[in-house]
Amino acid sequence: MTREYAFSWPVRRFGLLGLSGIAVWVSSLVVFHLTGGPIDWTHDYLSDLANEPFGWLFMVGTFVHGWGNLALAVGLRGALRPGRLRTWGTALFGLAASGILLTALFPVDAPDQAPSICGQIHRAAASAAFSLELAAMFVFSTAFGRQHAWRRKRAVSLVLSVAAAAALTGFAISVWLDLAPGLAERVAVAIFLVWEIWAGIQLIRAPWISQAA
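Report on the accompanying structure. (Residues numbered from 1 in each chain as written. Predicted model: local features only at pLDDT ≥ 70, side-chain atom pairs only at ≥ 80, totals over all residues. Heavy atoms only, no water.)

**Here's the deal with helix H1 (residues 9-35)**
Put simply, the rule reads: Each helix corresponds to a stretch of at least 4 residues labelled H or I by DSSP, and each strand to a stretch of at least 2 residues labelled E; elements are numbered beginning at the N terminus. The length a helix should cover is 1.5 Å for every residue beyond the first. Only protein chains enter the accessibility calculation, which uses a 1.4 Å probe; a residue whose area is less than 20% of its type maximum is buried, one above 50% is exposed, and one in between is partly exposed. Two residues qualify as a contact provided that any one of their heavy atoms is within 4.5 Å of a heavy atom in the partner residue.
Taking 1.5 Å per residue as the helical rise, H1 with its 27 residues ought to reach 39 Å, and the 38 Å between its terminal C-alpha atoms agrees with that figure. Of the positions making up H1, those classed as buried are Val11, Arg12, Gly15, Gly18, Leu19, Gly21, Ile22, Trp25, Ser28, Leu29 and Phe32. For H1, the secondary structure elements touched by its buried residues are helix H2 (55-79) and helix H6 (181-203).

What follows is the structure, given as structure tokens:
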């Protein structure tokens, strides 16, 4: 009996790196909430955590998450056949990951601080990262439907993409109405994370098992 992995080791390695980046970011949030001050989950944005006493934990986790998403983009590129959709999906997801890196390098302004260039860069990068990653998810969902190895996975990706679009729209509305924007942001981020975790798992999924000749 022989084992044949669905994807090559380099592709699976990038999937592992992507999942590791997510794990580090989530761990940084857990540690932050165990050591930091009280946070209003319904109103405070995730970016506001950077201005707390242990905000550096969140920023380090965000930076690692950005690199992990870049690795995930490379892994997805290696797992798909060459084509326009693969190129666009990889480019959009990579740009979104770069936006996450910028949010870590340029923290948001504190509530009592005058607007700064650093804060403006953070907000622009965060908005771009959300939009670019959402676009990448839809592009990848379309690409999955056209490739045999991913065809059965397309429905899951598309459902998560639609859910992310709805959550992002809800987040924008909540910000406009100033109605629990922090909670709406966390819901949107959670759905994006679920898609990232799902994609990473697909890259490192269990091997095919075949009988030896």
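**Considering the environment of Ser98**
Relative to the elements of secondary structure, Ser98 occurs in helix H3 (residues 84-105). For the pair Ser98 and Ala126, spaced 28 residues apart in sequence, the C-alpha to C-alpha distance is 10.0 Å.

**A look at the packing of H3 against helix H4 (residues 117-145)**
Which entries qualify depends on this criterion: Axis definition: a line fitted to C-alpha atoms, over the contacting stretch in the case of helices. Angles run 0 to 180 degrees between N-to-C directions. When describing relative orientation, an angle under 35 degrees is termed roughly parallel and one over 145 degrees roughly antiparallel, while 65 to 115 degrees is termed roughly perpendicular and anything else oblique. Handedness of a crossing is defined here by the sense of rotation of the near helix relative to the far one, left-handed for an anticlockwise turn of less than a right angle and right-handed for a clockwise turn. Residue polarity follows a fixed list, in which Ala, Val, Leu, Ile, Met, Phe, Trp, Tyr, Cys and Pro are nonpolar, Asp, Glu, Lys and Arg are charged, and the others, Gly among them, are polar.
Look at H3 against H4: their axes get within 7 Å of each other, and the N-to-C directions meet at 155°. Between H3 and H4, the crossing angle belongs to the class labelled roughly antiparallel. Taken as a pair, H3 and H4 cross one another with a handedness that is left-handed. For the pair H3 and H4, contact is made by Leu85, Trp88, Gly89, Thr90, Leu92, Phe93, Leu95, Ala96, Gly99, Ile100, Leu102 and Thr103 and by His122, Ala125, Ala126, Ala129, Leu132, Glu133, Ala135, Ala136, Val139, Phe140, Thr142 and Ala143, respectively. When the residues that make up the contact of H3 with H4 are grouped by side-chain class, the tally is 17 nonpolar, 6 polar and 1 charged.

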